[in-house]
Amino acid sequence: MADKILRQEEHAKSPQWLLIETFGELDGNYTIVDWGGHPKEFLPLDKAVKGAAAKIRQAITLVARSHEPLSANGAGRQVEVYPHLVGDRLHAVQVWAGTEEQTVPPRPRAGAWDINLTTLTALGSAEWAELADIPEEQRGHERSLANMFAQVQTDAKELVAMKRIIAAVPGTTHQGIWTVYRRDGAAFRSHFSCRIYEQQIAGTAQRIARGISQEVFAGPDGQPEPLILLEHRLLEADTPPGEYRALINLRNLRLIRWVHGSPIPDEIAWRGIADQPAPEVHPDDHPIMLDMARGLARSSTTGRLRMRGVDGSWIPINAHASLVAIDQETTAALLKFTIDR
(Lines give C-alpha, C1' and ligand atoms only; values in the text may rest on other atoms or scores of the structure.)
Protein backbone atom coordinates (compact mmCIF):
# COMPACT_ATOMS: atom_id res chain seq x y z
CA MET A 1 0.00 0.00 0.00
CA ALA A 2 2.86 2.38 0.87
CA ASP A 3 4.49 1.78 -2.53
CA LYS A 4 1.21 2.55 -4.25
CA ILE A 5 0.83 5.84 -2.37
CA LEU A 6 4.41 6.83 -3.20
CA ARG A 7 3.83 6.10 -6.89
CA GLN A 8 0.66 8.22 -6.86
CA GLU A 9 2.54 11.09 -5.19
CA GLU A 10 5.31 10.81 -7.76
CA HIS A 11 2.81 11.04 -10.61
CA ALA A 12 1.19 14.07 -8.93
CA LYS A 13 4.50 15.94 -8.59
CA SER A 14 5.79 15.06 -12.06
CA PRO A 15 2.89 14.41 -14.43
CA GLN A 16 3.68 11.83 -17.07
CA TRP A 17 2.21 11.02 -20.45
CA LEU A 18 -0.61 8.47 -20.38
CA LEU A 19 -1.32 6.16 -23.32
CA ILE A 20 -5.06 5.42 -23.38
CA GLU A 21 -6.58 2.88 -25.78
CA THR A 22 -9.94 3.43 -27.44
CA PHE A 23 -9.56 1.07 -30.44
CA GLY A 24 -12.28 2.91 -32.34
CA GLU A 25 -15.04 2.13 -29.86
CA LEU A 26 -15.93 5.59 -28.52
CA ASP A 27 -18.07 4.23 -25.69
CA GLY A 28 -16.16 5.72 -22.77
CA ASN A 29 -14.78 2.36 -21.60
CA TYR A 30 -11.17 3.37 -22.10
CA THR A 31 -8.13 1.91 -20.38
CA ILE A 32 -4.57 3.05 -19.71
CA VAL A 33 -1.95 0.82 -21.33
CA ASP A 34 1.14 2.89 -20.48
CA TRP A 35 1.87 5.41 -17.73
CA GLY A 36 5.08 7.39 -18.08
CA GLY A 37 6.88 4.63 -19.95
CA HIS A 38 5.61 1.88 -17.65
CA PRO A 39 3.27 -0.60 -19.39
CA LYS A 40 -0.12 -1.15 -17.75
CA GLU A 41 -2.46 -4.10 -18.17
CA PHE A 42 -5.61 -2.38 -19.49
CA LEU A 43 -6.01 -0.23 -16.35
CA PRO A 44 -9.56 1.25 -16.27
CA LEU A 45 -9.55 5.03 -16.59
CA ASP A 46 -11.94 5.60 -13.66
CA LYS A 47 -9.81 3.44 -11.37
CA ALA A 48 -6.56 5.20 -12.21
CA VAL A 49 -7.51 8.89 -12.57
CA LYS A 50 -10.93 9.25 -10.96
CA GLY A 51 -10.97 13.05 -10.81
CA ALA A 52 -9.77 13.59 -14.37
CA ALA A 53 -11.61 10.73 -16.11
CA ALA A 54 -14.59 12.84 -17.27
CA LYS A 55 -12.38 15.56 -18.76
CA ILE A 56 -10.19 13.00 -20.49
CA ARG A 57 -13.28 11.44 -22.06
CA GLN A 58 -14.32 14.88 -23.32
CA ALA A 59 -10.87 15.41 -24.82
CA ILE A 60 -11.01 11.99 -26.51
CA THR A 61 -14.36 12.89 -28.07
CA LEU A 62 -12.91 16.16 -29.42
CA VAL A 63 -9.82 14.64 -31.02
CA ALA A 64 -11.86 11.74 -32.40
CA ARG A 65 -13.89 14.32 -34.33
CA SER A 66 -11.05 16.62 -35.35
CA HIS A 67 -8.30 14.02 -35.92
CA GLU A 68 -5.94 16.73 -34.66
CA PRO A 69 -3.87 17.16 -31.47
CA LEU A 70 -5.47 19.21 -28.69
CA SER A 71 -3.69 21.76 -26.50
CA ALA A 72 -5.71 23.58 -23.82
CA ASN A 73 -4.89 26.02 -20.99
CA GLY A 74 -7.05 27.56 -18.29
CA ALA A 75 -7.38 28.10 -14.56
CA GLY A 76 -3.67 27.44 -14.13
CA ARG A 77 -3.85 24.03 -15.82
CA GLN A 78 -2.72 22.75 -19.20
CA VAL A 79 -3.64 19.61 -21.12
CA GLU A 80 -2.03 18.03 -24.19
CA VAL A 81 -3.79 15.30 -26.16
CA TYR A 82 -2.29 13.52 -29.18
CA PRO A 83 -4.47 11.15 -31.25
CA HIS A 84 -3.34 7.93 -32.95
CA LEU A 85 -5.52 6.82 -35.83
CA VAL A 86 -5.60 4.18 -38.53
CA GLY A 87 -7.64 5.77 -41.29
CA ASP A 88 -10.58 7.46 -39.56
CA ARG A 89 -10.59 5.17 -36.52
CA LEU A 90 -9.09 6.47 -33.27
CA HIS A 91 -7.03 3.70 -31.72
CA ALA A 92 -5.55 5.60 -28.79
CA VAL A 93 -4.58 8.98 -27.36
CA GLN A 94 -1.54 10.16 -25.48
CA VAL A 95 -2.56 12.56 -22.70
CA TRP A 96 -0.52 14.87 -20.49
CA ALA A 97 -2.06 17.13 -17.81
CA GLY A 98 -0.26 19.48 -15.44
CA THR A 99 0.02 23.08 -14.29
CA GLU A 100 0.89 25.99 -16.57
CA GLU A 101 4.23 26.33 -14.76
CA GLN A 102 5.29 22.77 -15.54
CA THR A 103 7.24 21.84 -18.65
CA VAL A 104 5.61 19.23 -20.84
CA PRO A 105 8.00 16.26 -21.05
CA PRO A 106 8.87 14.77 -24.46
CA ARG A 107 6.01 12.64 -25.78
CA PRO A 108 7.00 8.95 -26.07
CA ARG A 109 7.11 7.64 -29.61
CA ALA A 110 4.02 5.60 -30.47
CA GLY A 111 1.96 4.40 -33.42
CA ALA A 112 -1.30 2.61 -34.21
CA TRP A 113 -1.94 -0.39 -36.46
CA ASP A 114 -4.46 -2.95 -37.68
CA ILE A 115 -3.82 -6.64 -38.32
CA ASN A 116 -6.42 -8.38 -40.46
CA LEU A 117 -6.46 -11.89 -38.99
CA THR A 118 -8.61 -13.13 -41.87
CA THR A 119 -6.21 -12.12 -44.64
CA LEU A 120 -3.09 -12.04 -42.40
CA THR A 121 -2.15 -8.55 -43.52
CA ALA A 122 -1.08 -5.51 -41.48
CA LEU A 123 -1.54 -1.76 -41.87
CA GLY A 124 0.17 0.87 -39.71
CA SER A 125 -0.40 4.57 -39.13
CA ALA A 126 2.03 7.20 -40.40
CA GLU A 127 3.52 7.45 -36.88
CA TRP A 128 4.09 3.70 -36.70
CA ALA A 129 5.64 3.65 -40.18
CA GLU A 130 8.08 6.37 -39.12
CA LEU A 131 8.87 4.68 -35.80
CA ALA A 132 9.47 1.26 -37.38
CA ASP A 133 11.29 2.77 -40.37
CA ILE A 134 9.02 1.06 -42.91
CA PRO A 135 10.14 1.78 -46.50
CA GLU A 136 8.44 4.83 -47.99
CA GLU A 137 6.84 2.87 -50.83
CA GLN A 138 5.14 0.50 -48.34
CA ARG A 139 3.68 3.17 -46.06
CA GLY A 140 -0.09 3.56 -46.13
CA HIS A 141 -0.49 0.13 -47.74
CA GLU A 142 -1.24 -3.28 -46.31
CA ARG A 143 1.65 -5.73 -46.15
CA SER A 144 1.77 -9.37 -45.13
CA LEU A 145 1.81 -10.26 -41.45
CA ALA A 146 4.94 -12.32 -42.12
CA ASN A 147 6.63 -9.14 -43.35
CA MET A 148 5.90 -7.57 -39.98
CA PHE A 149 7.21 -10.59 -38.09
CA ALA A 150 10.43 -10.48 -40.13
CA GLN A 151 11.16 -7.13 -38.48
CA VAL A 152 10.65 -8.10 -34.82
CA GLN A 153 11.99 -10.29 -32.05
CA THR A 154 9.10 -11.57 -29.98
CA ASP A 155 8.91 -12.14 -26.23
CA ALA A 156 8.21 -15.17 -24.07
CA LYS A 157 4.48 -14.90 -24.79
CA GLU A 158 4.84 -15.65 -28.50
CA LEU A 159 2.85 -18.88 -28.16
CA VAL A 160 -0.06 -16.89 -26.75
CA ALA A 161 0.20 -14.42 -29.63
CA MET A 162 0.16 -17.26 -32.17
CA LYS A 163 -2.98 -18.66 -30.59
CA ARG A 164 -4.67 -15.24 -30.71
CA ILE A 165 -3.77 -14.93 -34.41
CA ILE A 166 -5.04 -18.39 -35.34
CA ALA A 167 -8.18 -18.49 -33.18
CA ALA A 168 -9.05 -14.79 -33.81
CA VAL A 169 -11.80 -14.66 -31.16
CA PRO A 170 -13.52 -11.22 -31.00
CA GLY A 171 -13.05 -9.51 -27.65
CA THR A 172 -9.70 -11.18 -26.97
CA THR A 173 -6.93 -8.85 -25.81
CA HIS A 174 -3.16 -9.26 -25.90
CA GLN A 175 -0.11 -7.30 -24.77
CA GLY A 176 3.59 -7.84 -25.14
CA ILE A 177 7.00 -6.20 -25.44
CA TRP A 178 8.79 -6.97 -28.68
CA THR A 179 12.03 -5.66 -30.12
CA VAL A 180 11.61 -3.89 -33.46
CA TYR A 181 14.55 -3.65 -35.86
CA ARG A 182 14.91 -0.69 -38.21
CA ARG A 183 16.57 -0.76 -41.63
CA ASP A 184 19.51 1.29 -40.33
CA GLY A 185 20.35 -1.46 -37.84
CA ALA A 186 18.94 0.35 -34.81
CA ALA A 187 16.38 -1.37 -32.59
CA PHE A 188 13.87 -0.34 -29.93
CA ARG A 189 11.60 -2.02 -27.40
CA SER A 190 7.91 -1.71 -28.28
CA HIS A 191 5.09 -2.39 -25.82
CA PHE A 192 1.90 -3.17 -27.71
CA SER A 193 -1.73 -3.64 -26.74
CA CYS A 194 -4.51 -4.90 -28.99
CA ARG A 195 -8.07 -6.19 -29.01
CA ILE A 196 -9.74 -8.37 -31.65
CA TYR A 197 -12.97 -7.24 -33.35
CA GLU A 198 -15.28 -8.61 -36.01
CA GLN A 199 -15.60 -6.00 -38.74
CA GLN A 200 -17.48 -5.82 -42.02
CA ILE A 201 -15.11 -5.20 -44.93
CA ALA A 202 -16.40 -5.21 -48.52
CA GLY A 203 -19.52 -7.01 -47.35
CA THR A 204 -17.76 -9.83 -45.51
CA ALA A 205 -17.15 -10.36 -41.80
CA GLN A 206 -13.44 -10.28 -41.02
CA ARG A 207 -11.48 -10.48 -37.77
CA ILE A 208 -9.30 -7.44 -37.06
CA ALA A 209 -6.78 -6.87 -34.26
CA ARG A 210 -6.67 -3.14 -33.55
CA GLY A 211 -3.51 -2.14 -31.75
CA ILE A 212 -1.29 0.59 -30.39
CA SER A 213 2.47 0.39 -29.73
CA GLN A 214 4.75 2.66 -27.72
CA GLU A 215 8.51 2.70 -27.34
CA VAL A 216 9.57 1.67 -23.83
CA PHE A 217 12.89 1.45 -22.08
CA ALA A 218 12.09 -0.70 -19.05
CA GLY A 219 12.29 -4.46 -18.86
CA PRO A 220 14.78 -7.09 -20.08
CA ASP A 221 14.73 -8.51 -23.58
CA GLY A 222 12.24 -11.36 -23.80
CA GLN A 223 13.27 -14.50 -25.62
CA PRO A 224 10.72 -16.21 -27.84
CA GLU A 225 9.28 -19.39 -26.43
CA PRO A 226 10.12 -22.30 -28.75
CA LEU A 227 7.21 -23.91 -30.57
CA ILE A 228 7.23 -27.69 -30.15
CA LEU A 229 6.09 -30.11 -32.81
CA LEU A 230 3.71 -32.90 -31.94
CA GLU A 231 6.62 -35.30 -32.52
CA HIS A 232 8.59 -33.29 -29.90
CA ARG A 233 11.13 -31.62 -32.17
CA LEU A 234 11.93 -27.92 -31.85
CA LEU A 235 11.09 -25.56 -34.68
CA GLU A 236 14.23 -23.66 -33.87
CA ALA A 237 16.60 -26.56 -34.49
CA ASP A 238 19.38 -25.96 -37.00
CA THR A 239 18.03 -25.48 -40.50
CA PRO A 240 19.84 -27.50 -43.23
CA PRO A 241 21.36 -25.41 -46.05
CA GLY A 242 18.79 -24.57 -48.72
CA GLU A 243 15.78 -25.34 -46.51
CA TYR A 244 13.16 -22.75 -45.55
CA ARG A 245 10.69 -23.05 -42.67
CA ALA A 246 7.38 -21.26 -42.27
CA LEU A 247 4.44 -21.36 -39.87
CA ILE A 248 1.11 -21.67 -41.72
CA ASN A 249 -2.41 -20.94 -40.46
CA LEU A 250 -4.44 -24.09 -41.19
CA ARG A 251 -7.70 -22.12 -41.15
CA ASN A 252 -6.85 -20.30 -44.38
CA LEU A 253 -3.47 -21.80 -45.44
CA ARG A 254 -1.76 -18.41 -45.22
CA LEU A 255 1.76 -17.65 -44.02
CA ILE A 256 1.92 -16.40 -40.43
CA ARG A 257 5.67 -16.01 -40.11
CA TRP A 258 9.07 -17.48 -40.94
CA VAL A 259 10.52 -19.64 -38.18
CA HIS A 260 13.32 -18.23 -36.01
CA GLY A 261 16.66 -19.10 -37.54
CA SER A 262 15.23 -19.94 -40.97
CA PRO A 263 16.49 -18.08 -44.06
CA ILE A 264 13.94 -16.14 -46.10
CA PRO A 265 13.49 -16.95 -49.82
CA ASP A 266 13.88 -13.56 -51.47
CA GLU A 267 12.83 -14.87 -54.91
CA ILE A 268 9.36 -15.92 -53.67
CA ALA A 269 6.62 -13.27 -53.32
CA TRP A 270 5.44 -13.34 -49.71
CA ARG A 271 5.67 -9.77 -48.40
CA GLY A 272 2.32 -8.59 -49.76
CA ILE A 273 3.67 -5.18 -50.79
CA ALA A 274 2.79 -2.95 -53.72
CA ASP A 275 5.83 -3.65 -55.93
CA GLN A 276 5.55 -7.44 -55.66
CA PRO A 277 2.90 -9.92 -56.89
CA ALA A 278 0.40 -11.12 -54.30
CA PRO A 279 1.52 -14.27 -52.43
CA GLU A 280 -0.03 -17.22 -54.26
CA VAL A 281 0.14 -20.95 -54.92
CA HIS A 282 -0.43 -21.95 -58.56
CA PRO A 283 -4.19 -22.57 -59.04
CA ASP A 284 -3.51 -26.03 -60.49
CA ASP A 285 -1.64 -26.95 -57.28
CA HIS A 286 -4.48 -26.02 -54.90
CA PRO A 287 -5.73 -29.64 -54.70
CA ILE A 288 -2.25 -30.79 -53.67
CA MET A 289 -2.05 -28.08 -51.02
CA LEU A 290 -5.50 -28.99 -49.63
CA ASP A 291 -4.63 -32.70 -49.56
CA MET A 292 -1.46 -31.90 -47.62
CA ALA A 293 -3.44 -29.85 -45.08
CA ARG A 294 -6.12 -32.53 -44.62
CA GLY A 295 -3.53 -35.26 -44.27
CA LEU A 296 -1.94 -33.56 -41.25
CA ALA A 297 -4.70 -35.01 -39.09
CA ARG A 298 -2.98 -38.38 -39.58
CA SER A 299 0.71 -37.69 -40.21
CA SER A 300 3.22 -35.39 -41.89
CA THR A 301 2.59 -34.76 -45.59
CA THR A 302 4.66 -33.90 -48.64
CA GLY A 303 4.01 -32.38 -52.04
CA ARG A 304 5.44 -30.38 -54.93
CA LEU A 305 3.94 -26.90 -55.27
CA ARG A 306 4.55 -23.85 -57.41
CA MET A 307 4.81 -20.47 -55.63
CA ARG A 308 4.53 -17.05 -57.22
CA GLY A 309 7.94 -15.43 -57.66
CA VAL A 310 8.72 -11.76 -57.18
CA ASP A 311 9.27 -11.55 -60.95
CA GLY A 312 5.81 -13.00 -61.65
CA SER A 313 7.08 -16.48 -62.55
CA TRP A 314 6.09 -19.75 -60.84
CA ILE A 315 8.80 -21.25 -58.62
CA PRO A 316 8.57 -25.00 -57.89
CA ILE A 317 9.20 -26.13 -54.31
CA ASN A 318 9.40 -29.52 -52.61
CA ALA A 319 7.39 -29.18 -49.41
CA HIS A 320 7.08 -31.20 -46.20
CA ALA A 321 4.36 -30.24 -43.68
CA SER A 322 4.07 -31.22 -40.00
CA LEU A 323 1.46 -30.38 -37.39
CA VAL A 324 2.42 -27.87 -34.70
CA ALA A 325 0.76 -27.79 -31.28
CA ILE A 326 0.34 -24.18 -30.18
CA ASP A 327 -1.58 -25.49 -27.17
CA GLN A 328 -4.08 -28.29 -26.50
CA GLU A 329 -6.76 -26.56 -28.59
CA THR A 330 -4.87 -24.73 -31.33
CA THR A 331 -2.73 -26.13 -34.14
CA ALA A 332 -0.83 -24.78 -37.12
CA ALA A 333 1.41 -26.27 -39.79
CA LEU A 334 5.18 -26.14 -40.03
CA LEU A 335 6.09 -26.09 -43.70
CA LYS A 336 9.67 -27.04 -44.57
CA PHE A 337 10.61 -26.67 -48.21
CA THR A 338 13.44 -26.43 -50.68
CA ILE A 339 13.34 -24.69 -54.03
CA ASP A 340 13.45 -27.16 -56.96
CA ARG A 341 16.09 -25.34 -58.98
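Keep in mind the model is a prediction, meaning the values are calculated, not measured. (Residues numbered from 1 in each chain as written. Predicted model: local features only at pLDDT ≥ 70, side-chain atom pairs only at ≥ 80, totals over all residues. Heavy atoms only, no water.)

J.: Would you mind showing me how to read the sheet that holds strand 2 (residues 31–35) here?
T.: Pairing between the strands of a sheet comes from backbone hydrogen bonds, and it takes one of two forms, parallel or antiparallel. Strand order in the open sheet formed by six strands is 3-2-1-6-5-4, with antiparallel pairing between adjacent strands. Strand pairing shows two members of the sheet lacking a second neighbour, strand 3 (38–44) and strand 4 (70–74), which therefore form its edges. For this sheet, the mean inter-axis angle between neighbouring strands, taken without regard to orientation, is 20°. The pairing of strand 1 (residues 18–21) with strand 6 (residues 89–99) spans four bridges and is classified as antiparallel. Across the sheet, the residue bridging to Glu21 is Ala92, located in strand 6. Contacting strand 1, strand 4, strand 5 (77–86) and strand 6, helix 3 (residues 53–66) runs over the sheet at an angle of about 130° to strand 6. (Pairing = 2+ DSSP bridges. Helix = DSSP H or I, 4+ residues; strand = E, 2+ residues; numbered from the N terminus. Axes fitted to C-alpha atoms, helices over the stretch in contact; angles between N-to-C directions. Contact = heavy atoms within 4.5 Å.)

J.: Whenever I open this one, the nonpolar core confuses me. Can you help?
T.: Nonpolar side chains tend to gather and get buried jointly when the protein is soluble and globular. Counting residues in each nonpolar core, the largest one holds 34 residues, and the members touching the most others are Ile115, Trp128, Leu145, Phe149 and Ile256. Those elements that place two or more of their residues in this core are strand 7 (110–116), helix 4 (126–131), helix 5 (145–149), helix 6 (158–167), strand 11 (173–181), strand 12 (187–201) and strand 18 (331–339). Every residue in contact with Phe149, bar those within four places of it in the chain, is listed here: Thr154, Met162, Ile165, Trp178, Ile256 and Arg257. In terms of nonpolar packing, the next biggest core, distinct from the first, is built from 23 residues, Ile268, Met289, Ala333 and Leu335 among them. (Core = buried A, V, L, I, M, F, W, Y, C linked by side-chain atoms within 4.5 Å. Buried < 20%, exposed > 50% of the residue type's maximum accessible area, 1.4 Å probe, protein only.)

J.: Explanation requested: the side chain of Thr301 in the structure shown.
T.: Along the chain, Thr301 falls in strand 16 (residues 301–308). Judged by its relative accessible area of 12%, Thr301 falls in the buried class. Side-chain polar atoms of Thr301 contact the backbone oxygen of Met292, separated by 3.0 Å. Leaving out residues up to four positions away in the same chain, Thr301 has contacts with Met292, Gly295, Leu296, Ala319, His320 and Ala321. (Polar contact = N/O pair within 3.5 Å; in protein donor to acceptor, adjacent residues only side chain to side chain.)

J.: Is there a simple way to think about the packing of aromatic side chains in this case?
T.: Aromatic ring pairs are defined here through the distance separating the ring centres and the angle between the ring planes. Summed over the entire model, instances satisfying the criterion amount to seven aromatic pairs. Centroid distance Trp128 to Phe188: 6.3 Å. Interplanar angle 75°. Geometry classified as edge-to-face. A residue pair is termed long-range when its members are at least 10 positions apart, and Trp128 in helix 4 and Phe188 in strand 12 qualify at 60 residues. The class of Phe188 is buried, set by a relative accessible area of 5%. For the pair Trp258 and Trp270, a centre-to-centre distance of 5.6 Å together with 85° between the ring planes defines the contact as edge-to-face. Of this pair, Trp258 sits in strand 15 (residues 254–258) while Trp270 sits in the loop between strand 15 and helix 7 (286–295), placing them 12 residues apart in sequence. Take Trp258 and Trp270: they sit in the same class, and that class is buried. The lysine or arginine in question, Arg107, covers the ring of Tyr82, its NZ or CZ lying 3.6 Å from the ring centre. Between the NZ or CZ atom of Arg308 and the centre of the ring of Trp314, over which it lies, the distance is 3.8 Å. (Phe/Tyr/Trp six-rings, centres within 6.5 Å; stacked < 30°, edge-to-face > 60°. Lys NZ or Arg CZ within 6 Å of the ring centre and 35° of its normal.)

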